[in-house]
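Secondary and tertiary structure notes
Letter by letter, the chains look like this.
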Amino acid sequence: MGWGETIIGIAALVGAAVIGYAIWQHFGGTSVLPTGTGSIEGEVKDALDNMMKIADAIVTVDYLSARTGIDGTFRLDNVPVGTKTVTAVATGYSQNQQQVTIQTQGEIGHVDFYMSFEITPIRPSPSG
């Protein structure tokens with residue numbers, strides 16, 4: 001490739017960037033993709049007795065996790081903007097999932113989990 005072809009290639013890239021920037025400005029200069037982070041907070045409770053808070057449950061979203069306190073509350077910070085599936089697990093309870101949407105930077109989404117007991121059948125031990 002000669003110098004002339006290189007200069008033409010560079011000019012084409014610069015021209016495309018200028019046109020792209022002009023279009024971006026025309027549509028308000030905002031990103032098409034949502035950016036930023038928010039938080040998700042809530043409580044984990046027993047489904048039969050929602051006054052009973054579940055301590056030490058683990059609540060996760062994406063790569064983030066939090067453990068509920070003695071009062072059953074949790075807070076996840078730095079959650080990327082978007083619709084997220086939040087999962088809660090606790091010993092003796094079935095896993096629970098809910099969706100929550102964080103639309104803007106700094107928004108706090110709220111979700112409460114009502115956990116049901118997980119019934120595990122007891123199997124007799126094999127006799128020898």
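The model shown is predicted, which means the values in this text are computed figures rather than measured ones.

1. Overview of a nonpolar patch on the surface
A contiguous nonpolar surface patch, about 350 Å² in accessible area, is contributed by L48, M52 and F117. Tracing the chain through its elements places L48 in the loop between β1 (37-46) and β2 (58-61). Looking at L48, the relative accessible area reads 77%, which means it is exposed.

2. Focus on the sheet that holds strand β6 (residues 96-102)
A sheet is described by the order of its strands in space; here 4 strands give the open sequence β3-β2-β5-β6, paired in antiparallel fashion. Two strands bound the open sheet, and with one partner strand each, they are β3 (64-67) and β6. Each adjacent strand pair in this sheet contributes to an overall mean axis angle of 25°, direction not counted. Summarising the sheet, β2 and strand β5 (residues 82-89) pair through 3 bridges and their orientation is antiparallel. Paired with V59 across the two strands is A88, which belongs to β5.

3. Some thoughts on the pairing of β1
Of all 10 residues in β1, 8 are buried; the element is thus mostly enclosed. With 6 bridges joining them, β1 and strand β4 (residues 73-80) adopt antiparallel strand pairing. Its bridge partner lying in β4, I40 is registered against L76. Across 3 bridges, β1 lies against strand β7 (residues 108-110) in parallel orientation. Across the sheet, residue I40 finds its bridge partner in β7, namely G109.

Cut-offs and rules
- Residues numbered from 1 in each chain as written.
- Predicted model: local features only at pLDDT ≥ 70, side-chain atom pairs only at ≥ 80, totals over all residues.
- Heavy atoms only, no water.
- Patch = residues over 30% accessible without salt bridge, like charges linked within 9 Å, V, L, I, M, F, W, Y side chains within 5 Å.
- Areas by Shrake-Rupley, 256 points an atom, 1.4 Å probe, with all protein chains shown as cover.
- Salt bridge = Lys/Arg side-chain N within 4 Å of Asp/Glu carboxyl O.
- Helix = DSSP H or I, 4+ residues; strand = E, 2+ residues; numbered from the N terminus.
- Buried < 20%, exposed > 50% of the residue type's maximum accessible area, 1.4 Å probe, protein only.
- Pairing = 2+ DSSP bridges.
- Axes fitted to C-alpha atoms, helices over the stretch in contact; angles between N-to-C directions.

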